[in-house]
Amino acid sequence: MATATSVSKIAREIGIAVKKAVNRNRGWYGPHMAAASGAIAQRLPLVDLVVEIRDARIPLSSEYELLRNFPNPSRRIVVMNKMDLTNPTQIKEWMRYFEQQNCISYGVNSHNKDNVKGLLNFIQAQVRGLCTANHHYSETKTIMLVGIPNVGKSALANSLHQIGRISAAEKGKLKHAIVSPQPGETKDISSLKIGSHPGIYLLDTPGILPHTIHDAELCSKLALTGAIRDDLIEQKELAQYFLTILNLSDQYKKWEKFSTNRSKLSFIECKEELSISSKLEMRQKKQYLMDHTQDLIVHDVRGAIFNIMSSFDGNLEWEDDMIKLIEAQFVAFREAFRVPEELDENAYDKVAVKLLNLYRTGRLGHYTLDPLPVTFCDRL
């Protein structure tokens, strides 16, 4: 389809830009990642179970390269995290795909306690199965948690540790793996207990990317989902890539209710209101209006998307029309995000950063960026 081609073209252009930036700045594969990769490779044969965390938005693109030729599928579980950010219909097909590949898989949202508890029960069942098969019921078992950067490994490790300790009624100080929205924060391998009888320990590991990524479109997907550092690519280009994906979906149709009867406060109106308030109220009001995560702002952004998309009379299959549409959206977002006019050239950079944050937190719809393999689709 021509529409898919336009997305791929923009993705390739961004991917090429990322690769050029990598060559200039030594890229994502620093000394700590090289050292961690070696340490993980040494320990892999020694652990009882490997849990590979992938980003559910990119089930194939977030594959962990060190496990590509893993010899024993019964000792490996592919966990697709961030299920709350992906297309729920498509993820069901991905679960069927992994089943067809004889791969044990599980879907989870690491911020949902019930989801994590279900995953813990699933992992413990797999461990009991290994104990039965090997007739080693009392030995302590070790599980290694691996994945590319920023797929939620450490957040999941902390949740599994907390729930596992509570379920076993164990006392003592809880450990915490470092959690950050920025990729590459976990530098060392840490051990967390997640079960008793038998004792189960989880090794949380640093996120590892391949030393070199040849596929430009893959680079773009990793950058958009936050696996590659934001400082390697212009945020406006990355936001344009997201808008291309959004514009080719039907997501905007769900936001009609935000397009009318919305009371927007202009900057002048805000100043008039604030002039009769106390200094404290002024600071609180200004902070609220500038905080793009507030429902008021998010609703206005959704309304702007609906208004522009519903009145668009161009052809999304034509690249020039797509670019004009995105330019119009940026102008509308500047107002919706309350970005001050005096920022001039930096205004659209601010818009891009806010827009990407809303995408990455699921406030602007749920998308699966990886298409199912053609061979699998042919069998459906």
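Scroll up for the structure.
Enquirer: Tell me about the pairing of strand 2 (residues 76-81), and please be specific about residues and values.
Expert: Taken across its six residues, strand 2 has six buried, putting it largely inside the fold. In strand 2, alternate side chains face the same way, and those of R76, V78 and M80 on one face and I77, V79 and N81 on the other are all buried. What joins strand 2 to strand 3 (residues 104-107) is helix 3 (residues 88-100), and the crossover it makes is right-handed.

Enquirer: Residues and numbers for the packing of helix 6 (residues 216-224) against helix 7 (residues 235-247), please.
Expert: Axis separation between helix 6 and helix 7 bottoms out at 10 Å; the angle between their running directions is 95°. Classed by the angle they form, the pair helix 6 and helix 7 counts as roughly perpendicular. Residue-level inspection shows S220, K221, A223 and L224 of helix 6 in contact with helix 7, the latter providing L238, Y241, F242 and I245. Residues that form the contact of helix 6 with helix 7 fall into these classes: six nonpolar, one polar and one charged.

Enquirer: Tell me about the pattern of salt bridges, and please be specific about residues and values.
Expert: Tallied over the entire structure, the rule returns 12 salt bridges. D230 is paired through a salt bridge with R360; the nearest N and O atoms lie 3.0 Å apart. Of this pair, D230 sits in the loop between helix 6 and helix 7 while R360 sits in helix 12 (residues 347-360), and the two are 130 residues apart along the sequence. Here D300 makes a salt bridge to R338, at a shortest N to O gap of 2.7 Å. With a gap of 38 residues between them, D300 in helix 10 (residues 295-311) and R338 in the loop between helix 11 (319-336) and helix 12 connect regions that are remote in the sequence. For D300, a relative accessible area of 2% translates into the label buried. Bridged by salt links that share partners, the residues E52, R54 and R76 form one connected network.

Enquirer: Before we move on, could you go through unusual backbone geometry and cite the residues and values that matter?
Expert: Unlike most non-glycine residues, N150 shows phi in positive territory, near 65°. Of note, N150 is situated in the loop between strand 4 (141-147) and helix 5 (153-167). Relative accessible area serves as the criterion here: at 18%, N150 is assigned to the buried category. In this model, R338 sits at a positive phi of 60°, which is unusual for a non-glycine residue. Look at R338 and you get buried, because its relative accessible area is 5%.

Enquirer: Give me the packing of aromatic side chains: which residues, what numbers.
Expert: Where two aromatic rings form a pair, the distance of their centres and the angle of their planes describe that pair. Within the structure shown, the criterion is met by 10 aromatic pairs. Between Y97 and F98 the ring centres are 5.5 Å apart and the planes differ by 65°, which places this aromatic pair in the edge-to-face class. With respect to burial, Y97 and F98 carry one shared label: buried. Centre to centre, the rings of Y359 and Y367 are 6.4 Å apart; their planes meet at 45°, and the pair counts as tilted. The residues Y359 and Y367 share a single accessibility class, namely buried. Feature note: the residues W94, Y97 and F98 constitute an aromatic cluster, connected by ring pairs.

About the criteria used
Residues numbered from 1 in each chain as written. Predicted model: local features only at pLDDT ≥ 70, side-chain atom pairs only at ≥ 80, totals over all residues. Heavy atoms only, no water. Buried < 20%, exposed > 50% of the residue type's maximum accessible area, 1.4 Å probe, protein only. Helix = DSSP H or I, 4+ residues; strand = E, 2+ residues; numbered from the N terminus. Right-handed = clockwise from strand over helix to strand, strands pointing away. Axes fitted to C-alpha atoms, helices over the stretch in contact; angles between N-to-C directions. Parallel < 35°, antiparallel > 145°, perpendicular 65-115°, else oblique. Contact = heavy atoms within 4.5 Å. Nonpolar A, V, L, I, M, F, W, Y, C, P; charged D, E, K, R; others polar. Salt bridge = Lys/Arg side-chain N within 4 Å of Asp/Glu carboxyl O. Phe/Tyr/Trp six-rings, centres within 6.5 Å; stacked < 30°, edge-to-face > 60°.

Note that every value here comes from positions in space, so none of it alone points to a role or purpose.
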